[in-house]
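Summary of the model geometry
Here is how the chains run, residue by residue.
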Amino acid sequence: MIVLCMWFLSGEGSLWTVNDMIQAESASSFAISHDETRAVYVKSAFDSEKNAFVDHLFVVDLASGQTHQLTRGEISCTAPSWSLDDRQIAFLSAREQSGEPNGPQLWILPLQGGEPWPLTTEKRAIQNYQWTGPSRVFLLKQEDIGFHETQQKENKDQGKAIDDLTHEAPVRIYTLDTETKKIARITSNTDRIESFAASNDGATMVTVHEQSASFEYDQAKPPQIMLHRQGQDPVVLFERRDKILPFSYFFTPNGKRLFVQVERSDDSRYFFATVSELYEVDLATGIEMPVSIDWDRGLFRSPSFTDQGFITLLADGVHPKLARYDFDKKGPLLRKMIETPHQGQIQAAIVAPSGLNVIYAHSSASLPTQWYTASLKKSKLYDARSITDLNPSFNDKQAAQTEVVRWQGHKDEWIEGMLYYPAGYELGKRYPLVVMIHGGPASLDLDAWSDRWAYPHQLYTQRGAFILKPNYHGSSGYGLAFASSIAHGSYYDWEVPDIEAGVDWLISKGLVDEGHLGVMGWSNGAILTTAITVHSQRYLAASAGAGDVDWASDWGNCAFGASFDNYYFGGTPIDSPDNYRLKSPFYRLNEVTTPTLIFHGDQDTAVPTQQGWLHFRGLQQTSKTPVRFVLFPGEPHGLQQNGHRKRKVEEELAWFDTYLFKTGPDRSPPIKENTPLDLIVKSQSFEQVNGAYGKLEKGLLIPETVTHDRVQIGRFEITKRQFAAFDSDYSCPAGEENMPANDITAAEATAYCAWLSELTSQHYRLPKHDEVQAYQEPGGNILDYWAGYALNPEDARSLQDHLAKQPQGVSLIKPVGQFKPNADGAFDLDGNLAEWVTDGSATKAMGGCAILAASESKHGIQAPLSYCGFRVVMEP
């Protein structure tokens, strides 16, 4: 059964790359200002110099969509929040710390002007905070280091007693005066507060107190929840819990109502397969009351509240539903499904305090995520407009066609999943299939963009494969009965038949070649991948990242071993050793015939590293199938380091190329990136006409552009051949087609842009200074390069005078593209020629050039006209 519709991106586009999968930008932590005119958010972007993601704050005007970056640098800034008067934004960051790191501190950014400055300089990290007045903030932090911890540091003792809180300092709530920077303790608890929520005036607060160091492991003693009301004794909430676990707390903006989001389980102790529900706490009595949302599948996301109600996403398989609930004094909540202006998936949404405006994330499995703002009128979103421009380079690429599919799985129950089509799909032709299995198991795959290092869909569809992503029994989003069906001893019994039935269904439909099947997954996806290779010999390639094979070992080594394993396997390995052995694939690895690639991080506590070793040694020593084990040092359950993510994706592609696609791995030659040889090889892929860089437009050679910081900028400086197409009198001798056009005035550069705009019907202009400033730091082809050392201004002038006296004249200009490009693939922004840019009303030649030393360019020494050129920007 095929349902819903297909999604397409028009145009052929360029190929997806590994970097697209591992370096994609994202936006999160949106907060709407109290006057509802702006929103602040966190943008996570890859920093090529740091080789890591860095988070920074941006503010967007909700009316115009104009965005400004608020923070910069190598240190991330997170958790932004508006002051109650909207004049300041607070955030957390570990920037500007010397000596031993003490973790994120609270910073303030004045919006009327000025640099951010730290509000706190504590010896402990600020774990969380909340504005509770115009100049007051509540802080969550651990007490300062005590005697025992001091002694350990002095003795260089890194030993740790497991689940022992004897010497752990309390975690408490403090109040901070933002004007005086004075901090005072609010709570005097001797335990550790895990989280808190307060009303905007600070008069009412909820605190969540850790009761056991082993709660994650065994879920035996849940946290205690306290309600604090000004002038009254604290009250314990949810003392009697009937299969519910509270986890999020929300005050309405006026502070008059308190709501609690809980997880409901089918088990009185364990909370893995759950649905999310809502309770309200009566602030006068402290009594908790369930709130009927009239939706059996529960909440998909946390609600976003106004004084009149809330909006939320309701769980509903691959397509959660956006809904509005209005408070009604006469009875239950009034629910209305919200009509949205998009096809695809609303992934997250927040509502402004007035209830009139909404910010939300939208995507589909074939459409990358962007954030929007819209007006909310009754039960419909109007006037939707984008407020982010994430990953603009994706606009030039064609994403895979996708569908929502359903088939009958175990016991003929219906299973839902996502199907990705191979690039260039032809009706009636069969293709290879890669089954990509989500983790969890209480998770799911949505009709939403989710390409990343763990599941790089586009890299496989452009290789000509179908991808099936099944939401097997045990997945969330389909109600409590579906999620808990695999518990209490039924783990594996439903999921594997569900997945295999989906594969059989695709084969029966004539879509998939049954002789070319592959399977992969991470975490629980790897667990099921291994189970499938034990169950079936029809798969040609498998990749298992951070998956279990021996459950008795997992019970003792996993951070949540007892709670997870007791729940899903129906008891402990001590009580039921035969069942644990029966459920563990390790004891059947000798039956595996599928070539298997294994990944693991050596700091993984969710699926301990021993599982990877057991999987590898079991296959290596008892089976005859190829096996490879890649161990990542310093990595937890999910890979964090960019180099490791890249290695994972490339290893996986090579493995599937060899064993599934039968093309063999792409064995790259031993060329170091950005060396002269590498640049020569890469230059073959640049657009060229008879060896001259550029592309033809109406028979004339024009420049190629690349995406650079939201604009399309020339990959190279305008070449002599390109400029000669505009000015027939400009000299371009044979062999100098790819030399940059030099001796160009600002007026000539501007005239070229106008000519190019008319020729192509696209708007071209000179770059703005702030668009290229960060990349124009002198480097590459500058005078220091020729001299072989860093020149001071005196030595530079002496060398320039010497060159000027040479009888034949000496030009230091090189053909474009001879030096390392920037992260976007643009060459020579840092050298070769100084380039004309606009800076307000002026046009200046900026950046490094071959005749000037870095020390001169940095101090504003102007390049001679013979070393001046330009590149173009093409606007959408």
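This section reports on the structure supplied with the text.

Here is what the cut-offs are and how they apply
- Residues numbered from 1 in each chain as written.
- Predicted model: local features only at pLDDT ≥ 70, side-chain atom pairs only at ≥ 80, totals over all residues.
- Heavy atoms only, no water.
- Helix = DSSP H or I, 4+ residues; strand = E, 2+ residues; numbered from the N terminus.
- Rg over C-alpha atoms; globule rule 2.2 N^0.38 Å.
- Buried < 20%, exposed > 50% of the residue type's maximum accessible area, 1.4 Å probe, protein only.
- Contact = heavy atoms within 4.5 Å.
- Areas by Shrake-Rupley, 256 points an atom, 1.4 Å probe, with all protein chains shown as cover.
- Pairing = 2+ DSSP bridges.
- Axes fitted to C-alpha atoms, helices over the stretch in contact; angles between N-to-C directions.
- Parallel < 35°, antiparallel > 145°, perpendicular 65-115°, else oblique.
- Nonpolar A, V, L, I, M, F, W, Y, C, P; charged D, E, K, R; others polar.

1. Some points on the overall build of the chain
Looking only at helices and strands, the chain features 19 helices and 48 strands. Taking 2.2 N^0.38 as the reference for a compact globule, 876 residues should give roughly 29 Å; the C-alpha atoms of the chain span a radius of gyration of 30 Å, in line with that estimate. Principal-axis analysis of the C-alpha atoms places the extent of the chain at approximately 95 × 70 × 65 Å. Taken across its 876 residues, the chain has 54% of its residues classed as buried. Once local pairs closer than 6 in sequence are excluded, the contacts in the chain between residues at least 24 apart make up 57%. In the form shown here, the chain has an accessible surface area of approximately 38,700 Å², with 48% of it arising from carbon and sulfur atoms.

2. So, unusual backbone geometry
Here the amide bond leading from Gly-440 into Pro-441 is cis, since omega sits at 5 degrees, within 30 degrees of zero. Within the secondary structure, Pro-441 sits in the loop between strand E32 (431-437) and helix H4 (457-461). Backbone geometry places Asp-743, a non-glycine residue, at a positive phi of 60 degrees. Position of Asp-743 among the secondary structure elements: in the loop between helix H14 (720-726) and helix H15 (746-760).

3. Re the pairing of strand E35 (residues 541-545)
Of all 5 residues in E35, 5 are buried; the element is thus mostly enclosed. Neither face of E35 is exposed, since Ala-541, Ser-543 and Gly-545 on one face and Ala-542 and Ala-544 on the opposite face are all buried. The pairing of strand E34 (residues 512-522) with E35 spans 5 bridges and is classified as parallel. Paired with Met-520 across the bridge in E35 is Ser-543.

4. Observations concerning the packing of helix H6 (residues 495-508) against helix H7 (residues 524-535)
Two elements in contact, H6 and H7, have axes whose closest approach is 10 Å; the angle formed by their N-to-C orientations is 75 degrees. The angle between the axes of H6 and H7 places the two elements in the roughly perpendicular class. From H6, Glu-495, Val-496, Ile-499 and Glu-500 reach across to H7, where they touch Leu-528, Ala-531, Ile-532 and His-535. Taken together, the residues of the contact of H6 with H7 break down into 5 nonpolar, 1 polar and 2 charged.

5. Here's the deal with the environment of Tyr-420
Its place among the elements puts Tyr-420 in strand E31 (residues 414-420). Taking the C-alpha atoms as reference, Tyr-420 lies 8.8 Å from Gln-458; in sequence the two are 38 residues apart.

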